[in-house]
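# Fold and geometry: a report
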Amino acid sequence: MSRGAKAVIDLRALRSNLQTARRAAPQSRVMAVVKANGYGHGLLRVAQALEAADALAVASVDEAVVLRDGGISRPIVVLEGCFDQEDLSRAAELDLQLALHAEFQLQLLEQCELSGPVTIWIKIDTGMHRLGFSPESATAAGERAMASGAVSKPLRWMTHLACADDLADSRTFTQLERFADALQGIEGERSIANSAGTLGWPAAQADWVRPGIMLYGSSPFIAGSASASGLKPVMILTTRIIAVTALKMGDEVGYGASWVCPEDMVVGVAAIGYGDGYPRHAPSGTPVVVNGRRHPLIGRVSMDMITIDLSRAPNTQPGDPVELWGAQISVDEVAEAASTISYELLCGVTTRVPVTVVDEES
Ligand SMILES: *Cc1c(COP(=O)(O)O)cnc(C)c1O
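Thresholds applied
Residues numbered from 1 in each chain as written. Predicted model: local features only at pLDDT ≥ 70, side-chain atom pairs only at ≥ 80, totals over all residues. Heavy atoms only, no water. Near = heavy atom within 4 Å. Polar contact = N/O pair within 3.5 Å; in protein donor to acceptor, adjacent residues only side chain to side chain. Areas by Shrake-Rupley, 256 points an atom, 1.4 Å probe, with all protein chains shown as cover. UniProt positions renumbered as here; feature names shortened; annotations may be inferred. Helix = DSSP H or I, 4+ residues; strand = E, 2+ residues; numbered from the N terminus. Salt bridge = Lys/Arg side-chain N within 4 Å of Asp/Glu carboxyl O. Buried < 20%, exposed > 50% of the residue type's maximum accessible area, 1.4 Å probe, protein only. Contact = heavy atoms within 4.5 Å. 1 Å grid on protein atoms, 1.4 Å probe; cavity = no way out; pocket = protein on both sides within 12 Å on 5 of 7 lines; lining within 4 Å. Points joined across faces, edges and corners; volume = space filled by probe spheres on them. Nonpolar A, V, L, I, M, F, W, Y, C, P; charged D, E, K, R; others polar. Lys, Arg positive; Asp, Glu negative; His and termini not counted. Phe/Tyr/Trp six-rings, centres within 6.5 Å; stacked < 30°, edge-to-face > 60°.

### Quick look at the site of the ligand
Near the ligand there are 13 residues, and of these Lys35, Tyr39, Ser195, Ile213 and Tyr343 occur at the shortest range. A distance of 2.5 Å separates an oxygen atom of the ligand from a polar atom in the side chain of Ser195. Measuring from a nitrogen atom of the ligand, one finds a side-chain N or O atom of Arg210 at 2.9 Å. For the ligand, whose accessible area on its own is 390 Å², the fraction buried by protein is 92%.

This is the structure:
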């Protein structure tokens, strides 16, 4: 019998979430973001399941190579672009589309000898101040890219929203204005919206939307639940109870004796910990579902185990099912309790956790 921790990946939910993105942005094409191992759900598995996406987006050429090696022939956009000439020639050979965000990438284009032209997305920094050319310098950068002779025409244009997760934050409008102003009279396809932009800012949808986190069933907004946005959880992380003990008032639980029983209580141990990707910073009180009911985590999260207050379910037995996040507790709720975001939790599930895939046929 295996230890118990496992992740179920529901590809039906993934496809349904893609449809939700399409319905939200019916005039736009969809570039499904599958970087970072498909946000922890398996890069190739997710890319294959999302055959209805018009394009896929990854962070690096290395991630794109995995997709091409796996037989994915759809357009692939590399969001951080190229780092050296080797990247650039691999991108041209594999017909990858490249973001171009910095002077050094322009120089790579100017110095390269490619087999054929590459499709380039010029990235404009409209306020996030991470990557991209300033609105004032973007079209000049585009002209230099064209003059290199290495790129397909017309160029494409993108920017990234910093605060779209907050529907009350007017900085998104400022970013949209800067993008539109910088590109007045310039031809070429445009892309602005991440998941929050796709669902919450119709003016950001443009020619291509770039949903990531929403495809995996997590809400992109600071307030509001995934289910309210019509999203379904794709990853369900479960394990089982491996011990149940009756403790006395004053007994200490776990490393550092950080939990002291305030009264006589029943404590369950579940086989999951930070070695599996459950967040070590989840504090006492974080909800855990045992046999379909919520109970509070107590004490410190260890590498292989967590402890749970089962005083309201004293008949719980070793072997009983535990859900950490997925169907009965959203990953967003756990993330909030652990002072992080769903992205980090989903990306952080480790290779020790066996994966079971659920699809139409199963
Ligand atoms: C990761 C990323 C996205 C997707 O963002 P989500 O918040 O996961 O929807 C879109 N665009 C760029 C440039 C990204 O890096």
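### Digging into the UniProt feature "domain: Alanine racemase C-terminal" (unreviewed entry) in the chain
Feature annotation in UniProt places "domain: Alanine racemase C-terminal" (unreviewed entry) on residues 234-358, given in this structure's numbering. A distance of 10 Å separates the end C-alpha atoms of residues 234-358, which is 10% helix and 37% strand.

### With respect to the pattern of salt bridges
Within this structure, the stated rule accounts for 16 salt bridges. Its salt-bridge partner being Arg22, residue Asp54 comes within 3.1 Å of it at the nearest N-O pair. With Asp54 in the loop between helix 3 (43-49) and strand 3 (55-58) and Arg22 in helix 1 (residues 11-24), this pair connects stretches of sequence that are 32 residues apart. We note a salt bridge from Asp304 to Arg352, for which the minimum N-O separation is 3.0 Å. One end of the pair, Asp304, is in the loop between strand 15 (293-298) and strand 16 (306-309); the other, Arg352, is in the loop between helix 11 (342-347) and strand 18 (355-358), and 48 residues separate them in sequence. With relative accessibility at 37%, the residue Arg352 sits in the partly exposed group. Sharing partners across several salt bridges, the network here consists of Arg3, Asp276, Asp304 and Arg352.

### A word on the UniProt feature "active site" (unreviewed entry) in the chain
According to UniProt, the "active site" (unreviewed entry) feature falls on Lys35 and Tyr255. Spanning 221 residues, the named residues are also spread out in space, since their farthest C-alpha pair is 35.4 Å apart. For Lys35, the location among the structural elements is in helix 2 (residues 35-40). Of the residues examined, Lys35 reaches a relative accessible area of 30% and is grouped as partly exposed. Every residue in contact with Lys35, bar those within four places of it in the chain, is listed here: Ala57, Val58, Ala59, Glu63 and Leu79. One can find Tyr255 in the loop between strand 11 (252-253) and strand 12 (259-260).

### What to know about empty space enclosed by the protein
Tallied over the full model, the rule gives two cavities of 30 Å³ or more. The computed volume of the largest cavity comes to approximately 50 Å³. Lining the largest cavity are Gly81, Cys82, Leu88, Leu98, Ala99, Leu100, Gln105, Leu108, Leu109 and Ile120. Those elements giving two or more residues to the lining of the largest cavity turn out to be strand 5 (97-100) and helix 6 (103-111). Here the lining of the largest cavity is built from residues that sort into eight nonpolar, two polar and no charged. Here the second largest cavity defines a volume of roughly 40 Å³.

### Some thoughts on the side chain of Lys123
Secondary-structure assignment places Lys123 in strand 6 (residues 119-123). Buried charge without a partner: Lys123 forms no salt bridge, and the closest opposite charge is Glu80, 7.9 Å away. Beyond its immediate sequence surroundings of up to four residues, Lys123 is in contact with Leu100, His101, Leu131, Gly132, Phe133, Met158 and His160.

### Quick word on the packing of aromatic side chains
In the structure shown here, the tally under the stated rule is five aromatic pairs. Geometrically, the ring pair formed by Trp121 and Trp208 is edge-to-face, given 6.4 Å between the ring centres and 85° between the ring planes. Taken as a pair, Trp121 in strand 6 and Trp208 in strand 9 (residues 208-209) lie far apart in primary sequence, 87 residues in all. Per residue, the accessibility class of Trp121 equals that of Trp208, and both read buried. Residues Phe173 and Trp201 carry aromatic rings whose centres are separated by 5.1 Å and whose planes lie at 75° to one another, so their mutual orientation is edge-to-face. Highlighted residues: Phe173 in helix 8 (residues 171-182) and Trp201 in the loop between helix 9 (195-200) and strand 9, separated in sequence by 28 residues.

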